[in-house]
Structures are given as C-alpha cells and as structure tokens.
Amino acid sequence: MKFKIPSSKVTSLVLLGVLLITAVVFVVMRAGPLAPVRVTLAQATEGTLTPALYGIGTVEARRSYFVGPTAAGRVLRVLVDVGDTVKAGQLLAEMDPVDMDNRLTALDASVARAASMIAAADAQTADAAARKELAAISARRYLDLAQQNFVSSGAVEAKVQEQTSADAGARAAQANLSAAGQDLSRLKAERAALVQQRQNVRLLATQDGVVVARDAEPGTTVVAGQSVLKLVDPTSLWVRVRFDQGRSAGLAPGLAARIVLRSNPATALAGKVIRVEMQGDSVTEERVAQVAFDVLPAGMSMGELTEVTLNLPETPRTLVLPNAAIKRLDSEVGVWVMAADGLKFVALRLGQSSLDGRVQVLGGLQAGEQVVVYSEKDVGAKSRIEVVSSLAGAAPKPTQAQAKP
Amino acid sequence: MISLAGRDILHSWSKFVFTGIGLGLLIGVTLTMAGVYRGMVDDARALLTNSRADLYVVQKDTQGPYAEASSLRDDIQRSVLGMPGVARAANVTYLTMQVRRASTEVRAMVVGVEEPGQPGAPAYLIEGRHITRNHYEAVADVKTGFVVGDRIQIRRHTYDVVGVTQRMVSSGGDPMVFIPLADAQEAQFLKDNDAIYNDRARTAANPAFNRPGVPGLLEAVQASQSSNHNVNAVLVQIQPGWDAEQVAEPLRRWKHLQAFTRMQMEDILVAKLIATSAKQIGMFLVILAIVSAAIVAFIIYTMTLGKLREIAVLKLIGTRDRTIAGMILQQAMGLGLIGFIVGKVAATIWSPVFPKFVLLEVGDTVIGFFLVMVICALASTLAIRVALRVDPAAAIG
C-alpha cells in the first residue's frame, strides 16, 4: 500500500507534465507565427454568369420649361403656385405693362387723327381738281380768242400758266391724300405691334405641365430671359444614371434596367436605357445614361437618388471563380492553386464579372483545380496552410447583395 | 540514486503544483503585457503591410495620412502614375468614425479604396466577396463584429457588408471598413443637411454671390461649394528593379508632394504616432517583470524556509551540502518550468479575447523562458544560503 501511493502520485505528476508539454507544443503550433494559415478552397467550375452594371442616378424631367419675360421688367402678378397643374396656353403670370396701355390710347388717337387727315386731304384733292378744271376751260377759251386776235398773247400765256399751276396743285393734293393714307397704315401697324407687346407681358404656359418652381414674386424685377416659373412635363420623368467608366463596358441603349428609389428601397421598378450620352464626365470618370421607367410610378419626386442595375447578356460557359480568390502578385493577376507540393501562383486571364462577386476565367486554369478563396492572412508560396471549410464563425449564408432583386 | 528534489515534490506535490500554477498565471500576465506591446507595434506595421504600398504620397509638408491630416486632389493620382518607376497608384481616404449598425455603434476606420487589387484595398477575405458595385458596398474587418449581409450606416448612406476580412486595423487598432472611394470622399467631406442649408443661406445672403442682375450666379456658386475631389493619400507600388527612394525623389521635387517610403512611414508610425502609448505599456511591462521576479524569488525562499527542519535532518544524517543545494535548485527550476508553461498556455488562451491585437512573439517567449529560469536560479541561491546555514542540531532541538 505504502508503495502504491507514491506511484499514483508519480503517475499523476507525469501525466500533468505530459499534459503541460502537449499544451505548449499545441499552443506554439496553433497560435503565433508558426501556426499554419487557415484557408478555404474552392474548385474552379464551369458556369455562366450574368454581368451587370450598377450606377446611381437622380430622377429628372426630360423636358422642363422656364417661363419668363423676353424683356426686363417688373412682375405684376403670378397666378399659379408650385405644384399646380397647368394647361398649354393658360395665363401663368403677367409682367407690369408700365405705359403700354397709355401708348395704345395715344396710338388710337393718332389713328383717328390720321383718318381725319385723309378726309382733309380728300377735300383738298376735290378742291384742286375743281381749280384744275376751271383753269383748263379758261386757257382753252383764251387760246380760241387769241386765234381771232381778240386778246393779246400776253394774256394767253398768263392763262396757260394758270392752267399748269392748277394741274400741279391737283397732283400735290393727290399726293397729300396718299401720304395721309400711308400714315394711317403706319399708325395701325404700330398699334398692332404694341398690342403684340402688350400680349407678350402675359406669360402663358407653352405646354401642359406642373409648376415646380416659382422664382419671382409680384414686384420683383427680372431681366430678359430670367425665369419666373419653371414647368416640367410630369410624364417625361426619367433617371439620369452615372456609371463608373471602369465598370461600364456593355452600356448600351435598350438594356433592361431595375430602378430602386431611395424612398422605396424594397421595390425594384422596371425601366429601360433609352439614351447613352456620348459625352462622359472626365472629372468624376463617369458615363451618363438616361433610363426611362416602363410604367411611371405615382408620386415621383425629382432629384431623388436611385440605384440602377442593368443586366447584360449572359456570358458563354467558362470557368468561374469567386472574386475573393483573385489576388495580385507583382504585376500579375491570378490565384493560388493548391498543388501537390504546396501553393502555386497561377496567372489568369479574366473576363467579365458579375455583381454577386463571380469572375469569368478565360485562361490559365484547368477545371477542377482547387484554388484558395479565403485566408486568414496573405498567403505566399511558402505559407504553411490548413484547409478548413469556413473561416467565419457561422456557416456562410447567402449575402444580402446576392439576395438583391 | 534517488532524487531528493523529486521525493520532496512528491511529498507535498499539491502544494508544489498549485504554487507553480499561481506563478504561471503571473508569468502569463507578464507575457500578455509583452504581447500587448508587440501587438501595438504590429498594428502599425499591419496597417502598412495591408496597404501594400511602397510609397505614400501625401500633401507637401505633412506626415500624413496616418500621423497627420493630409489632403490631395484626386487627379494627382494620374500625374503620379505618369512618373518614372511607378507601377500602380491608387487614391485612398482614411476616416476614423463611429459606424452604426441598427442600434449599436462600432469605432472603425473607414477606408475609401479603388478597385480590389489596387493598393489600399483588402488583399484577402475570410468570408463573402470583394466590392463589385462602385457605391454602397462595404468590406469590414471581422473585429467590427459585422457579418456578411449586415447593413451599416456611414453618414447618410446605408452600406451592404459584402465581405469580411481579418487583421485590417488602423495604427490605433481600430478595425477597418472598406468602402468605394467616391462614397468615402462624400462621407469624409459632405456636411450634414443642416450645415448645407446654412451654407446655402449664407451664400445667398452675400451680395457678391447673389446679384440681382446676374441670374444663375448663385446656383453656380452653390454647386461649386458642394463638390469634393479630395483624398488623403496616393498609395504607390513601384516597378520591379526600382528603388523606392529613387521613385520618391522626383515626386518630392517636381510634383511638390511629400512621398514616404515604407521604412520612413513605419518610422513615423512606430516612433512618432504610437511612441507615447507604447512607452507607457513598455514601462508597465518592465515594472511587471520586476515584480514577477521578486514574487518568484520570495516564493522559493519561503518554500525553503518551510523545509528548514527537514534540511536539518538531512544534514544530521550526513547529506552533503551539494545534494541539498541541488535539491533546492532543481525545485526552483521545476517551479519555474511549470510556471512558464502554464503562463504561456494561459497567455495564448486569453490573448484572442483582448479587444486589441495581442502578439505573442516566439522570440519574446524564448527570452521569457530564459529569464524565468535565470530568476528562479538566482532566487534559489538566496534559499540555498539559508539552507546551508541551518544547524543540524535544529532537527532535534
């Protein structure tokens, strides 16, 4: 018995020692710089992917109208307010006509006076005509008398001169009459012009639309071309979308679009690219496209932020890898392939990629090869690795982004 | 030959083992403190390693982007790309802020990066995928606690977490959240709505910008105020065969920018940015090491004092001094060994729980092991002196 007690003590102490040493070895090998890098692998498999373009944009009106005066002036009254629906031709606002009405009255008087002038000229013409006739008769009589030598040649010459003067007087009266008529036409035209101008200070709606801005209030002085009201055509709303130049390959009119409004992030609205602008933005390095809604939703507001996704045609079947596997080593892009003697970097030719993070491999990899996808740290050719099924605590679940419509 | 030390340990093994474990926990604390210090320095290095840049191009006369604020126009990146020896250059922005998820907040460094694969972007993931959209997607460090599928709030926008990475931290140890550059520029420089409205009103009230005869001027001025094209740094990778300094020199001279090489940036981070807090921890480590050594010494000393009577008996039966000294030394070393192993295991187990990175270096462990052994040996000399001076008569007296 006495011999046994120390023996059990020895056994337990030895056990304790072995346990401690095992723990140290385990700890040194599992943690710290000597520990292997845990990685997950994926097999390169063939598949297709649907590349997509993603851009953000704002809701804008395709057509908007600035209504304002063509000459500087003061706003007299504004009849509509923001949000009002207006019809084409409707009076929206009026500029102060200042003295235009008085000038019209003055012109009216001038026109009346011109009519009187015509009457006067007419009477003068009649008078001149009578004188002319009388002078002609007198002249003829004196010529007859002169042939019978009843009157001196001097008296005849005086009568002939009288007739010439009477002719000239008649022509002058006729000219006066036409001048008075032309004067009347001029004044009438001037009046018509003034009436046009008077009409022009009335600002009318050029199109059916909705008032979106009321920029000037009655009493404000505006210069020529400055807008008093802004109208938009509510049926012409579209989205002006900006796509990063680097991720805009394939952008073309006609692509189907999914539009998500910031006010309603859960619903994707259908639309279509109807225009791709030739002129991009060199500062923001973006391309601009216009996307129209298939069915315009009610209650849209302009300036709202939207996210637009365009699906491009499906790619042909090639090898496909997750983009987390793609690494850059010096100037080459490739993947770490699990070879028999460790990891090997293989440069790849990559094709298109999809928004859910998969990339087309066009060359450099064989189907079925195992590549490193996730790793705890940067791996290299000399890394000691340990392959695990998942690095994150929980099993990977479908990502939010993948679940996006 | 029987081992005196072994017999003695067996005699009161529970006391011996528990003393060893207690000692071990103390050593564990010391090792952890060393790990905290190393972790701090390693955080700074990890920041640089993860950026995968050979050169950091920042605003002239600043030591940005980590140690000081730096602001550059984002098109500088293109002129940097055109310089000799530059292989790749990428804009990057850094902003430390509170990132919201539902009702919780996480302190994180928000990094605006260009395409995956460019300098600055995370090189590896542990879950999910890289960013594929150029807006409103994020890759977060696992320390943020975010998982793939989370929706997080940065300033006014909501971002989908699409990937999780690891060990991507700022020099202060804050985990990083990577978002597309354009979003980060907006997050960094876009003011809140109230401030924007205030600014608009302020501009509108300024007669210089709101002239009655110049319609459109006010709108033009206000539009120019809200755009931002600044970044904090341009990260540069150089072509093989070029020396970093060789590439940096023309940038400093002709582009009127500051360019730091990896070594210089490391110096700025380690020697300047975290110097004080690192020294603070270092000081604490020194004191802790001294205290631990003192406690080890006293434990061994008191253990020996408790056995004085037995030693006297040993002397009485004619045991040689060498044997007695050997016994005490072996016990001290054994205690140290157990303590060290327990300490090392304990430190390794609890270090991942720390909120910031704790790096237990092999070198530190080896040095620690030898230090523990030397301290134990030195402490045992104190005990041996007492043991040898014991009068054999004390055994019967």
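Predicted model only: the values in this text are computed from it and were never measured.

Conventions and cut-offs
Residues numbered from 1 in each chain as written. Chains lettered and ligands numbered in written order. Predicted model: local features only at pLDDT ≥ 70, side-chain atom pairs only at ≥ 80, totals over all residues. Helix = DSSP H or I, 4+ residues; strand = E, 2+ residues; numbered from the N terminus. Rg over C-alpha atoms; globule rule 2.2 N^0.38 Å. Buried ≥ 20, exposed ≤ 12 C-beta atoms within 10 Å, placed from the backbone. Contact = placed C-beta atoms within 7 Å. Nonpolar A, V, L, I, M, F, W, Y, C, P; charged D, E, K, R; others polar. Pairing = 2+ DSSP bridges. Expected span 1.5 Å × (residues − 1).

Colleague: Looking at this structure, how should I read the overall build of chain B?
Modeller: Secondary structure summary: chain B contains 12 helices and 12 strands in total. For 397 residues, the compact-globule formula gives about 21 Å, and the C-alpha radius of gyration of chain B, at 31 Å, lies well above that figure. Projected onto its principal axes, the C-alpha positions of chain B cover 115 × 50 × 40 Å. Looking at chain B as a whole, 45% of its 397 residues qualify as buried. Restricting the contact set of chain B to residue pairs at least 6 apart, pairs at least 24 apart contribute 77%.

Colleague: Looking at this structure, I do not really get the environment of Ala-193 of chain A. What am I missing?
Modeller: In this fold, Ala-193 of chain A is placed in helix H3 (residues 153–200). A C-alpha to C-alpha distance of 9.9 Å links Ala-193 of chain A and Leu-104 of chain A, two positions 89 residues apart in sequence.

Colleague: What exactly am I supposed to notice about the interface of chain B and chain A here?
Modeller: Where interface size is quoted, it is often the accessible area lost as the parts come together. Listed per partner, the contact involves 41 residues of chain B and 45 residues of chain A. Elements represented by at least two residues in the side of chain B that touches chain A include exactly helix H2 (13–51), strand E5 (127–128), strand E8 (157–165) and helix H11 (321–350) of chain B. With five residues, H11 of chain B is the largest single contributor of residues to the side of chain B that touches chain A. The residue inventory of the side of chain B that touches chain A, partitioned by class, reads 20 nonpolar, 12 polar and nine charged.

Colleague: Would you take a moment to explain the sheet that holds strand E8 (residues 202–204) of chain A for this structure?
Modeller: The pairing of strands in a sheet comes from backbone hydrogen bonds and takes either a parallel or an antiparallel form. Residue and element names in this part refer to chain A. Read across the open sheet, the four strands follow the order E8-E7-E5-E10; overall the sheet is antiparallel. Looking at strand neighbours, the two that pair on one side only are E8 and strand E10 (221–222), the edges of this open sheet. Here strand E7 (residues 91–95) runs beside E8; their pairing, made up of three bridges, is antiparallel. Its bridge partner lying in E8, Ala-93 is registered against Leu-203.

Colleague: Would you take a moment to explain H3 of chain A for this structure?
Modeller: Think of an α-helix as turning once every 3.6 residues; residues three or four places apart then point the same way. Residues and elements named next belong to chain A. Compared with an ideal rise of 1.5 Å per residue, which puts 48 residues at 70 Å, H3 spans 70 Å between its outermost C-alpha atoms and is within 8% of the ideal. Those residues of H3 not exposed but buried are Lys-159, Gln-163, Ala-166, Ala-170, Ala-173, Leu-177 and Ala-180. Turning to H3, the residues buried within the fold contact helix H2 (100–147).

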